[in-house]
Every structure is written in structure tokens, then in C-alpha cells.
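Reading the structure
The lines below spell out each chain.
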Amino acid sequence: MRILVTGGAGFIGSNFVRLELARHDDEVVVLDKLTYAGNPANLREFEQNPRYSFILGDIADAEVVATAMDGIDAVVNFAAESHVDRSIIDPGAFITTDVQGVYILLEAARRQQIERFLHVSTDEVYGEVPNGSVSEDAPLRPRSPYAASKAGGDLLVYAYFVTYGLPTLVSRGSNTFGPYQYPEKLIPVMITEALDGRSVPVYGRGQQVRDWLAVEDHCSAIDHILRHGAVGEAYNVGGGNEYQNLDVVERILDALGRPRSLISYVPDRPGHDIRYSVDSTKLFQLGWMRAHTFDEALDATVRWYVENDGWWRPLKEDRDYRAYFQRNYEARGEQGPGARGQGLGLTKPRLPTPDPRPPGGRSWP
Ligand code: NAD
Ligand code: TYD
């Protein structure tokens, strides 16, 4: 098989390329725009592999996409603007890539009669799930610009299955963590800030719940769905590890031997989803199993960041990253990178800010 992996230079995409090349004899072509989150270093180890090639380009550019899809059997679309906080600051790029980009990919796939089109979606399309777990037929009620644009792409994929008979598949994975994750999401922000002795910013009271999924398990699930999934179907991929953010942050500080006094409570994210929880029974019935526990995968992730500061330090020193970090955190009263503040162990935790949510949360619509 010749597989086009869009967004393959990002966090999950590059881990997926690693898994595909190790597990199968297929050829992998990566198409990536190399936005701030795309990093050629994530793919450097494959450069000499004759089954791997790279195309620099935008999934929203029809010409580039048509060329990239030539001779391709299957498409796996990871390409996306992927960070909720950035989508709150500037939603435009999310709509261009996560909706329009998916449309351009689908059009090309339809014209070139692609055999499998797997779209990597997210559990965030369901919106927050205060109680229980949602299955794939639950309504999509996205609540952030990121989740809404991902839901747009997800639904377009289904429309192309129904309308044009394109053999599509959708995966809806939960919060993913592991090596090569750009340091803007919870786990790599906490690890890298704490390693440098800076305070770690917890939104609100840290009581929101996320279901953590090891990146190797997310990639093996996508691989499984690609090969065994029924076309037209969506599959939830949960981690089976639901924890409040504060628990996760405390575990990271403990693993690094850093004091909990580094925790700094900062004003909450607007529209912050209280909890995500998906029911993955459908995927288990398809024969997929997780291979990692949360504790083991979190320890391995912490070790990876400790041992690979040559990977993340340049990212955090980048001007654009610093500008983003400042904009996102200073507005919340956090100091931002470079402002070493009180140093290791001397940072006083701020008082939790009152939670602005009405009791029981807001309901839809
Ligand atoms: P990421 O931000 O690390 O990587 C995204 C990649 O897409 C980057 O390499 C970037 O350069 C590329 N890209 C962005 N816009 C592009 C465009 N217009 N054209 C071509 N390439 C473009 O993201 P990630 O965390 O690896 O997530 C990958 C996918 O998985 C996304 O679709 C995301 O919505 C989904 N997902 C992520 C998580 C998570 O916890 N990280 C969970 C569930 C689903
Ligand atoms: P994040 O990694 O951004 O993923 P998502 O918003 O897609 O779930 O955030 C995970 C949780 O951690 C979320 O509830 C927001 C919270 N969070 C913090 O408390 N502090 C931070 O600095 C970040 C980035 C996230």
C-alpha cells in the first residue's frame, strides 16, 4: 500500500509514520505544511528509508494535494490546527485547515478513487461529557473553535461517504501524550516548565477531567481502523485513564522530583470543557487493545523530555512560541517562559480563582 500521511511532521502523525514503517512494508508519503507545530526533526530518522518521502505543502492547496495523492492507495489525515487555546485567540486558521483543508482532501480523494480515507478526528467533537461516556452515535456538540472546526471536517467526511461513496473512516481519539508533543499542551508544558524550575500554570481549579491516551496506543488504533474498520464508520479511541488535571500535574512534579509548590492556579480557559469521556467498545469489538498503562507511559514521556531537551528547548526559545506563550499565559497572570520568576521551590501557589461556570455547567444549545 502507498499511504499519504498528512500532518505527518506533527506529534501524532510522526509517531504514526514510525509505527507504519516498523510494522508494515507499506510506503509512506508525508504531506505537511510545517506550521509552527510541524517539525522536520520528528521525521529525520526516516530520511534514508526508501519507503518514506516528504512533500512540503498545504492540505488546503488543491494543486499540491492532487499531486501528492497521485498513485496513493490510502490517506490518513492528521493535518490540523490542533490547540484549543490558540483557537480561542485566533480561530481563522482552524477553519481554513480543519474544515476547508479536509474538503480539498476529500475532493482529491474522490477524483482519484482512493481506497481508504481515514480522518483523524477527536473526542472533543462531542463537547463536554459531564457524566457517563458517549458512543459514536452521540450528537456532536463542539464548544471551542478547535472542536467546532474538527466537527466540521468530521461531518464532511461522513457526507462524502454517503453522497459519493468515498470509502471513509473516522477515528475520535482522546487526549494524547508522549514523545515529540509540541510544548503547548498540558503534559509537555508542565514537564518543560517544571524542568526549568518555573511555575506550572493550572487553569481554574484543575478539576477538569481528560482521558489520557498514550501516543503509541492512539497510533496503533488508527492503524487498526485503517486496516479493519468498516467504511462509513467512526470509532472512538479512549485511553481508559480519566484524571483531573491537578492529579496529572502532581504526578508529573513527583516524577521530576519537583515540589508541588510550583503549581500556579491561573484564570480559567473560556468555555472550558469540564470532562471528556468516550466509550471505545466498538473499537475493542474490532479487535484493538491498548498496550500501555498511564503510569508507565507518563514515566516514559517524562524521561523522554528529560533526555531530549535538545528537541524541545529550541522550540521554546523561538520568538513566535514566546509571543504565543506570553499572550496565552500573561493574560492569565502567568509569567511566561524566560521569566524565571521565583525559581525552584520558591514559587508560592496562587489562590484558586473562582470557577465562573454556573452550577452544573451550561447545557446545549
Ligand atoms: P500537531 O499540532 O502536533 O501536528 C499537526 C501537524 O499538521 C503539523 O505537522 C502541522 O505542520 C501540520 N499542518 C497543520 N496545518 C496544515 C495544513 N494546512 N496543511 C498541511 N499540514 C498542516 O497535532 P497532533 O497533536 O499531532 O494532532 C494530529 C491530529 O490528531 C489532529 O487532527 C488533531 O485534531 C487530532 N487529535 C489530537 C489529539 C491530541 O491530544 N493531540 C487527540 C485527538 C485527536
Ligand atoms: P490541553 O492539553 O490543551 O488539551 P485539551 O484542551 O484539548 O483537552 O489541555 C488539557 C487540560 O489541561 C485542559 O483541561 C486544559 C488544562 N490546561 C491547564 O490547566 N494548563 C495549561 O497550561 C494547559 C495547556 C492546559
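Data block above holds the structure.
The paragraphs below set out a description of the structure included in this document. (Residues numbered from 1 in each chain as written. Chains lettered and ligands numbered in written order. Predicted model: local features only at pLDDT ≥ 70, side-chain atom pairs only at ≥ 80, totals over all residues. Heavy atoms only, no water.)

**Describing the packing of aromatic side chains**
All chains considered together, the criterion is met by 19 aromatic pairs. Where tyrosine 160 meets tyrosine 164, the ring centres are 4.8 Å apart and the plane angle is 55°; that geometry is what we call tilted. Placement of the pair is tyrosine 160 and tyrosine 164 together in helix α5 (residues 145-164), with a separation of four residues, close to one helical turn. Arranged with centres 6.2 Å apart and planes meeting at 40°, the rings of tyrosine 203 and tyrosine 329 form a pair that is tilted. On the criterion of sequence distance, the pair formed by tyrosine 203 in strand β8 (residues 200-203) and tyrosine 329 in helix α12 (residues 319-330) is long-range, its members being 126 residues apart. Tyrosine 329 matches tyrosine 203 in its accessibility class, with the two residues each being buried. Counting every residue linked through ring pairs, the aromatic cluster contains Tyr36, Tyr182, Tyr203, Tyr321, Phe325 and Tyr329. The lysine or arginine in question, arginine 110, covers the ring of tyrosine 164, its NZ or CZ lying 3.9 Å from the ring centre. (Phe/Tyr/Trp six-rings, centres within 6.5 Å; stacked < 30°, edge-to-face > 60°. Helix = DSSP H or I, 4+ residues; strand = E, 2+ residues; numbered from the N terminus. Buried < 20%, exposed > 50% of the residue type's maximum accessible area, 1.4 Å probe, protein only. Lys NZ or Arg CZ within 6 Å of the ring centre and 35° of its normal.)

**Some details on α5**
Taking 1.5 Å of rise per residue, the 20 residues of α5 would be expected to cover 28 Å, and the 28 Å separating its terminal C-alpha atoms lies within 8% of that figure. Buried residues of α5: Tyr146, Ala147, Ser149, Lys150, Ala151, Gly153, Asp154, Val157 and Tyr160, and no others. Those residues of α5 hidden inside the fold are in contact with α3 (84-89), α4 (92-111), β5 (116-122) and β6 (168-173). (Expected span 1.5 Å × (residues − 1). Contact = heavy atoms within 4.5 Å.)

**Topic: the site of ligand 2**
Every one of the 19 residues lining ligand 2 counts as a neighbour, but Glu124, Arg210, Arg269, His272 and Tyr329 are closest to it. Residue arginine 210 places a side-chain N or O atom 2.7 Å away from an oxygen atom belonging to ligand 2. Between ligand 2 and arginine 269 there is a distance of 2.5 Å, counted from an oxygen atom to a side-chain nitrogen or oxygen. Its free accessible area being 510 Å², ligand 2 has 98% of it covered by the protein chains. Taken together, the elements giving at least two residues each to the shell around ligand 2 come down to α3, α6 (186-195) and β8. Looking at which element gives the most residues to the shell around ligand 2, the answer is β8, with three residues. (Near = heavy atom within 4 Å. Polar contact = N/O pair within 3.5 Å; in protein donor to acceptor, adjacent residues only side chain to side chain. Areas by Shrake-Rupley, 256 points an atom, 1.4 Å probe, with all protein chains shown as cover.)

**A short note on the packing of α6 against helix α8 (residues 245-256)**
Taken N-terminus to C-terminus, the directions of α6 and α8 make an angle of 40°; their axes are 10 Å apart at the nearest point. Two packed elements cross with a definite hand, and for α6 against α8 that hand is right-handed. Side by side, α6 and α8 meet where Leu186, Ile187, Met190, Ile191, Ala194 and Leu195 of the first sit next to Asn245, Val248, Val249, Ile252, Leu253 and Leu256 of the second. By residue class, the composition of the contact of α6 with α8 is 11 nonpolar, one polar and no charged. (Axes fitted to C-alpha atoms, helices over the stretch in contact; angles between N-to-C directions. Left-handed = near helix turned anticlockwise from the far one by under 90°. Nonpolar A, V, L, I, M, F, W, Y, C, P; charged D, E, K, R; others polar.)

**Describing the pairing of β5**
Most of β5 is tucked away: seven of the seven residues are buried. A two-sided burial pattern is seen for β5, the buried positions comprising Arg116, Leu118, Val120 and Thr122 on one face and Phe117, His119 and Ser121 on the other. Two strands pair when backbone bridges link them, and strand β4 (residues 74-77) and β5 are joined in this way by four bridges, in the parallel orientation. Across the sheet, the residue bridging to valine 75 is phenylalanine 117, located in β5. In the sheet, β5 pairs with β6 via six bridges, with the strands oriented parallel. Residue histidine 119 lies in a different strand from β6, and its bridge partner there is valine 170. The handedness of the β5 to β6 crossover, carried by α5, is right-handed. (Pairing = 2+ DSSP bridges. Right-handed = clockwise from strand over helix to strand, strands pointing away.)

**A look at the site of ligand 1**
Neighbouring ligand 1 are 30 residues; Ile12, Asp32, Ser82, Tyr146 and Lys150 lie closest to it. A distance of 2.8 Å separates a nitrogen atom of ligand 1 from a polar atom in the side chain of aspartate 58. Out of a free accessible area of 840 Å², ligand 1 has 97% covered by protein chains. Listing elements by their share of the shell around ligand 1, those giving two or more residues are α1 (11-23), β5 and α5. With three residues, β5 is the single largest residue contributor to the shell around ligand 1. Residues that form the shell around ligand 1 fall into these classes: 11 nonpolar, 14 polar and five charged.

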